[in-house]
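Structural overview for review
As a plain string of letters, each chain reads:
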Amino acid sequence: MTLTERFLNYVKFDTQSAEDSQTVPSTPKQLIFAKYLCDELKAEGLEDVEMDDMGYIYATLPANTKKKVPTIGFISHYDTSPDCSGKDVKPRIVENYDGGDIILSEGIVSSPKKFPELLFHKGEDLIVTDGTTLLGADDKAGIAEIVQAMCYLRDNPEIEHGKIRVGFNPDEEIGMGAHHFDVEKFGCEWAYTIDGGDLGEIEYENFNAASAKIKVNGVSVHPGYAKGKMINAARVATELANLLPADETPETTDGYQGFYHLIHMEGGCEKASLAYIIRDHDRERFEDRKKFIETCVAQMNEKYGEGVVELQLNDQYYNMKEQIDPVMHVIDIILQAMEKTGVAPKVQPIRGGTDGAQLSFKGLPCPNIFAGGVNFHGPYEFVSTQVMQKAQDVIVKICEITGKYSD
């Protein structure tokens, strides 16, 4: 089976996760793909293949060298984003892309005028959607690349390597992918998530992240008799939202700049709610942002009465750079692998998070490497088959370099 065939087979499975679910995985349909993937890993000859009752998959490619070298791992998630349907994905391949518009379906056009990144892939073979679903390259491209790399190493025993572990998990898209990942069972000195974007991306800096859920408890009174009595929850919520800086939102920031992102707002006179995510690469500024939210809530309660506004503030994950800096050889190996496979590295901060961030703080240093997908989470998502092949090549080369590793 070719890499492209494997990927096209994977995207047939609907594995969309769900934000409001209380189960693990968040949707039972993820387990259908997980079971299929387990069977495939066994059929391809990997050892110690197992899946726990939450859908976490672990498997081993045994070492073929007698040298004592580190055990490393490769990790990808199999859920797709709740933002766009992943059901009945109908991919097609645009061969030798000419740099023009790609008509996905009637009225849905992927154009380099809107998505200039398409032009970086002129002359390549692009896998696109039919305009009604996402594609699922995030992160089934990563899974396909890892599995194909393990098969390549299996079939080319002249490439010496140590023990290699692979891990596949649900629910990364809702921030829960690493929560139940068994680092001790995985048994690696370090690992790599294959969950980045376009060719050459390396990421070992990510946002510090928190969620802020705000409830406003109003007082509903007939508007004709409301003076001095009514507290309009919707208006209080709007007033609070306006306290946050308008130039510190996702649509006004980039690079290392943090933000407050209003992701949900609803309400009426009696009850209202706001939901924010808070992000910043710098830990001190991150803490300041959380304190500012608390200050805004306190200001509203001082004005309207104690308990009118309630805040639930929770940290979600932290910047993995804190954990990677002491083990920079993990990054050096990626850079060597890219150099040897003809890939120009693009080291950049993630304006988001990956499972690797949480895993790094669980004791498994885990930077992120490109998988090839572009325009994730929507119908304009695409992936280049040539970039997927390069990702596979980098994985193989990392294994080869680590097979000769000595600290």
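Now for a look at the structure at hand. In this convention, every chain numbers its residues from 1, walking through the sequence in written order. Totals for whole chains, interfaces and linings use all residues, but because this is a predicted model, local features are given only for residues with pLDDT of at least 70 and pairs of side-chain atoms are given and counted only at 80 or more. Side-chain numbers here rest on the full set of heavy atoms in the structure, without hydrogens or water.

1. Things to note about the overall build of the protein chain
The criterion, for reference: The helix and strand labels rest on DSSP assignments: H or I over at least four residues marks a helix, E over at least two residues marks a strand, and numbering proceeds from the N terminus. A radius of gyration in this sense is built from C-alpha atoms; the matching globule rule multiplies 2.2 Å by the number of residues raised to 0.38. Under the scheme applied here, a residue whose accessible area is under 20% of the maximum for its type counts as buried, over 50% as exposed, and between as partly exposed, the area being computed with a 1.4 Å probe on protein chains only. We call two residues in contact whenever any of their non-hydrogen atoms come within 4.5 Å of each other.
Across its full length, the protein chain carries 10 helices and 18 strands. Radius of gyration (C-alpha) of the protein chain: 23 Å, near the 22 Å computed for a compact globule of 407 residues. C-alpha extents for the protein chain along the principal axes are approximately 85 × 50 × 40 Å. Looking at the protein chain as a whole, 55% of its 407 residues are labelled buried. Long-range pairs, those at least 24 residues apart, make up 79% of the contacts in the protein chain with a sequence separation of at least 6.

2. Considering the pairing of strand S12 (residues 259-267)
Cut-off, in case you're wondering: Strands were regarded as paired on the criterion that DSSP finds at least two bridges between them.
Relative to strand S13 (residues 271-280), S12 is paired through 8 bridges, and the arrangement is antiparallel. Of the residues in S13, the one forming a bridge with Glu 266 is Ser 273. Hairpin connection from S12 to S13: 3 residues lie between these consecutive antiparallel strands.

3. A closer look at the sheet that holds strand S7 (residues 126-128)
Note the cut-off: Between N-to-C directions, angles cover 0 to 180 degrees, with each direction set by a line fitted to C-alpha atoms, over the stretch in contact for helices.
Read from one edge to the other, the open sheet built from 4 strands follows the order S4-S7-S18-S17, with strand pairing classed as antiparallel. Either end of the sheet is taken by a strand with one partner, and the two such strands are strand S4 (92-94) and strand S17 (373-374). Bridge count between S4 and S7: 3 bridges; the pairing is antiparallel. The partner of Ile 93 across the bridge, within S7, is Ile 127. Packed onto the sheet, helix H1 (residues 3-10) meets S4, S7 and strand S18 (382-384) and runs at close to 10° relative to S7.

4. Considerations on the pattern of salt bridges
A side chain with one charge can pair with a side chain of the opposite charge if their charged atoms come near. Definition in use: We define a salt bridge as a side-chain nitrogen of Lys or Arg found within 4 Å of a carboxyl oxygen belonging to Asp or Glu.
In total, this model carries 19 salt bridges according to the counting rule given. For Arg 285, the salt bridge identified is with Asp 280, shortest N-O distance 3.3 Å. Salt bridges here are not isolated pairs; linked through shared partners, they connect Arg 6, Glu 40, Glu 44, Arg 154 and Asp 155.

5. Description of helix H2 (residues 29-43)
Stated formally: The span you would expect from a helix comes to 1.5 Å times its residue count less one.
Here H2 contains 15 residues, and its C-alpha end-to-end distance of 22 Å stays within 8% of the 21 Å for a straight helix at 1.5 Å per residue. The complete set of buried residues in H2 reads Gln 30, Leu 31, Phe 33, Ala 34, Leu 37, Cys 38, Glu 40 and Leu 41. Lining the buried residues of H2 we find H1, strand S1 (47-51), strand S2 (57-61), helix H3 (137-155) and strand S8 (164-169). The first or second residue beyond H2 is Gly 45, which carries a positive phi of 95°.

6. Quick notes on the nonpolar core
Let me state the cut-off plainly: For our purposes a nonpolar core is just a set of buried Ala, Val, Leu, Ile, Met, Phe, Trp, Tyr and Cys residues, chained together by side-chain atoms within 4.5 Å.
Ranked by size, the top nonpolar core spans 64 residues in total, and within it Phe 7, Leu 41, Phe 74, Met 150, Phe 168, Tyr 192 and Ile 398 carry the most contacts. If we ignore the near neighbours within four places in the chain, the residues touching Phe 168 are Leu 37, Leu 41, Gly 55, Tyr 56, Ile 57, Ser 76, Tyr 78, Ile 143, Ile 146 and Val 147. One finds Leu 244, Ala 272, Tyr 304 and Val 308 within the second-largest nonpolar core, a separate group that totals 24 residues.

7. A few points about the sheet that holds S12
Within a sheet, adjacent strands bond to each other through the backbone by hydrogen bonds, running parallel or antiparallel. Read across the sheet, 4 strands follow the order S12-S13-S11-S14 without closing on themselves; strand pairing throughout is antiparallel. Every interior strand has two partners, whereas the edge strands, S12 and strand S14 (309-317), have only one. Within the sheet, the average angular offset between the axes of one strand and its neighbour, ignoring direction, is 15°. Lying over the sheet, helix H5 (residues 233-241) contacts strand S11 (208-217), S12, S13 and S14, oriented at roughly 15° with respect to S13.

8. Concerning the packing of aromatic side chains
The criterion, for reference: Working definition: a ring pair exists when centres of Phe, Tyr or Trp rings (six-membered ring for Trp) sit within 6.5 Å. Plane angles under 30 degrees give stacked, over 60 give edge-to-face, the rest tilted.
In this structure the tally under the stated criterion is 16 aromatic pairs. Judged by centre distance (5.0 Å) and plane angle (40°), the rings of Phe 13 and Tyr 36 are tilted. Here Phe 13 is found in the loop between H1 and H2, whereas its partner Tyr 36 is found in helix H2, with 23 residues between them in sequence. Both rings, one in Trp 190 and one in Tyr 405, keep their centres 5.6 Å apart while their planes meet at 75°; by these two values the pair is edge-to-face. Placement of Trp 190 in strand S9 (residues 190-196) and of Tyr 405 in the segment after helix H10 (385-402) is noted, with a sequence separation of 215 residues between them. Residue class for Trp 190 comes out buried when judged on its relative accessible area of 2%.

9. Here's the deal with the side chain of Ser 110
Assignment of secondary structure puts Ser 110 in strand S6 (residues 108-110). Setting aside residues up to four positions removed in sequence, Ser 110 forms contacts with Gly 100, Asp 101, Ile 102, Leu 104, Phe 115, Leu 118 and Tyr 380.

10. Let's talk about the environment of Ala 234
Structurally, Ala 234 is set in helix H5. Under the relative-accessibility criterion, Ala 234 is labelled partly exposed at 26%. Between the alpha carbons of Ala 234 and Gly 218 there is a distance of 8.1 Å; along the sequence they are 16 residues apart. Those residues in contact with Ala 234, other than ones at most four positions away along the chain, are Gly 267, Gly 268 and Ala 272.

11. Thoughts on the pairing of strand S3 (residues 72-77)
For S3, the tally of buried residues reaches 6 of 6 residues, placing the bulk of the element in the interior. Burial along S3 is two-sided: the residues Ile 72, Phe 74 and Ser 76 and Gly 73, Ile 75 and His 77 are all buried. Pairing between S3 and S8: 6 bridges, direction parallel. Bridge pairing links Ile 72 to Ile 164 in S8. Where S3 lies against S9, 4 bridges are found, and the strand directions are parallel. Bridge pairing links Gly 73 to Ala 191 in S9.

12. Section: H5
Here is the rule we go by: The directions considered for the arc run from the helix axis to the C-beta atoms. Any N or O atom pair separated by 3.5 Å or less is treated as a polar contact, with the protein-specific requirement of one donor-capable and one acceptor-capable atom, and with residues adjacent in sequence counted only for side-chain atom pairs.
Buried within H5 we find Ala 233, Val 236, Ala 237, Leu 240 and Ala 241. Projected down its long axis, H5 shows its buried positions confined to an angular sector of 140°, all on one face. Where H5 is buried, its residues touch S11, S12, S13, helix H6 (283-304) and S14. Here H5 starts with a cap whose side-chain oxygen sits 3.1 Å from the backbone nitrogen of Ala 234, and that cap is Asn 232.

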